[in-house]
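Chain and residue survey
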Amino acid sequence: MEDEKLIRLIRNGNEHLFNNLLKKYDYILKSLAMRYRNVYYNLRNDYDDLYQEATMGLLYAVDTYKFDSKASFKTYLNITVRGYLNKYLRKRNSDNLVSLEDYEVNVKKTPETAVIYNDLEIKINDYKLSLDYPNSLIFELHINNFSNNEIASILDLSYKKIDNTLYMIRKDLKRVIK
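A brief structural summary. Residue numbers here run from 1 along each chain, matching the order of that chain's written sequence. At least 70 in pLDDT is required for a residue's local features to be given in this predicted model, at least 80 for side-chain atom pairs to be given and counted, and no such filter applies to totals for whole chains, interfaces and linings, which use all residues. With hydrogens and water stripped out, all remaining heavy atoms of the structure feed into the side-chain values.

**Quick notes on the packing of helix H2 (residues 18-39) against helix H4 (residues 73-92)**
Each pair of packed helices gets described by two things: the angle between the helix axes and the distance between those axes. Between the N-to-C directions of two axes lies an angle of 0 to 180 degrees, each axis being a line fitted to C-alpha atoms and, for a helix, fitted only over the stretch in contact. Every helix listed is a DSSP run of H or I at least four residues long, and every strand listed is a run of E at least two residues long, numbered separately from the N terminus. Close contact between H2 and H4 brings their axes to 11 Å; oriented N to C, the two are set at 40 degrees. The angle between H2 and H4 places the two elements in the oblique class. In this structure, the crossing between H2 and H4 has a hand that is right-handed. Along its contact with H2, which presents Leu21, Tyr25, Tyr27, Ile28, Leu29, Leu32, Ala33, Arg35 and Tyr36, the element H4 presents Phe73, Lys74, Leu77, Asn78, Val81, Arg82, Leu85, Asn86 and Leu89. Amino acids outside the nonpolar list (Ala, Val, Leu, Ile, Met, Phe, Trp, Tyr, Cys, Pro) and the charged list (Asp, Glu, Lys, Arg) are all regarded as polar, and Gly is one of them. In the contact of H2 with H4, the residues fall into 13 nonpolar, 2 polar and 3 charged. Roughly parallel means an angle under 35 degrees; roughly antiparallel, over 145; roughly perpendicular, 65 to 115; everything else is oblique. Here a crossing is called left-handed whenever its near helix is offset anticlockwise from the far helix by less than a right angle, and right-handed whenever the offset is clockwise. The criterion used for residue contact is that any of the two residues' heavy atoms lie within 4.5 Å.

The following block contains the structure:
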């Protein structure tokens with residue numbers, strides 16, 4: 001069954017069909033839960049907790065997906081689940097530093113560059129954790145090489161809003177890094 005039709009039926013009270021959608025996209029939920037567990041292994045996150053949050057992201061995606069969006073449900077789901085997992089980790093580990101693989105750069109590892117790189121990574125992680133949910137989504141998509149047009153389409157926001165948000169993030173991040 002097509003995603004849009006299935007979502008419409010679920011929204012119209014056929015909650016039992018949610019299991020069909022869950023079975024269809026379970027591989028995404030499991031993959032993201034496993035990825036987050038492996039990336040943030042030092043925080044000792046339980047896979048089952050991460051999977052549960054990913055499932056909550058699926059529920060939210062079903063409730064909020066816009067049928068007139070240019071993004072497919074699968075794309076929207078992926079972004080929404082990542083947002084839920086990031087929010088969960090922020091809330092659960094607000095006192096801990098998070099090591100994100102997204103910020104890895106190819107630097108010759110010497111003691112000096114290791115210290116500089118570690119300091120930079122901490123500052124970027126702290127900054128990312130300080131962003132509110134919408135800006136965090138925009139930042140996440142940007143660091144995953146989505147263009148401003150693609151981000152605007154996925155989040156159903158104007159190009160100008162995305163451009164302005166990324167400008168402010170870059171400006172603020174430069175201040176934080178100095």
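**Quick notes on helix H6 (residues 133-143)**
Buried, partly exposed and exposed residues are distinguished by accessible area as a fraction of the type maximum, computed with a 1.4 Å probe on protein chains only: under 20%, between the cut-offs, and over 50%, respectively. Of the residues making up H6, those classed as buried are Ser136, Leu137, Ile138, Phe139, Glu140 and Leu141. Capping of H6 at its N-terminal end is provided by Asp132; its side-chain oxygen lies 3.1 Å from the backbone amide nitrogen of Asn135. The first or second residue beyond H6 is Asn145, which carries a positive phi of 65 degrees. Pairs of N or O atoms within 3.5 Å make up the polar contacts considered here, provided that, within protein, one atom can donate a hydrogen while the other can accept it, and that residues adjacent in sequence are counted only when both atoms are side-chain atoms.

**What about the pattern of salt bridges?**
Each salt bridge in this description consists of a side-chain nitrogen of Lys or Arg and a carboxyl oxygen of Asp or Glu lying within 4 Å of one another. Within this structure, the stated rule accounts for 6 salt bridges. Ionic pairing is found between Lys128 and Glu140, a salt bridge with its closest N-O pair at 2.8 Å. Placement of the pair is Lys128 in helix H5 (residues 111-130) and Glu140 in helix H6, with a sequence separation of 12 residues. Overall, the relative accessible area of 4% leaves Lys128 in the buried class.

**Describing the packing of aromatic side chains**
Between rings of Phe, Tyr and Trp, where Trp is taken as its six-membered ring, a pair exists when centres lie within 6.5 Å; planes separated by under 30 degrees are stacked, by over 60 edge-to-face, and by other angles tilted. Inspection of the entire model under this criterion finds 7 aromatic pairs. A ring pair is formed by Tyr65 and Phe67, whose centres lie 5.8 Å apart and whose planes are at 90 degrees; its orientation type is edge-to-face. Members of the aromatic cluster, connected to one another through ring pairs, are Tyr25, Tyr65, Phe67, Phe73 and Tyr76. Lysine and arginine charges are scored as sitting over a ring when NZ or CZ, respectively, is within 6 Å of the ring centre and within 35 degrees of the ring normal. Taking the ring centre of Phe67 as reference, the NZ or CZ of Arg8 above it sits at 3.8 Å. Between Lys87 and the ring centre of Tyr84, over which it is positioned, the NZ or CZ distance is 5.6 Å.

Limitation: the analysis is restricted to geometry and does not speak to function.
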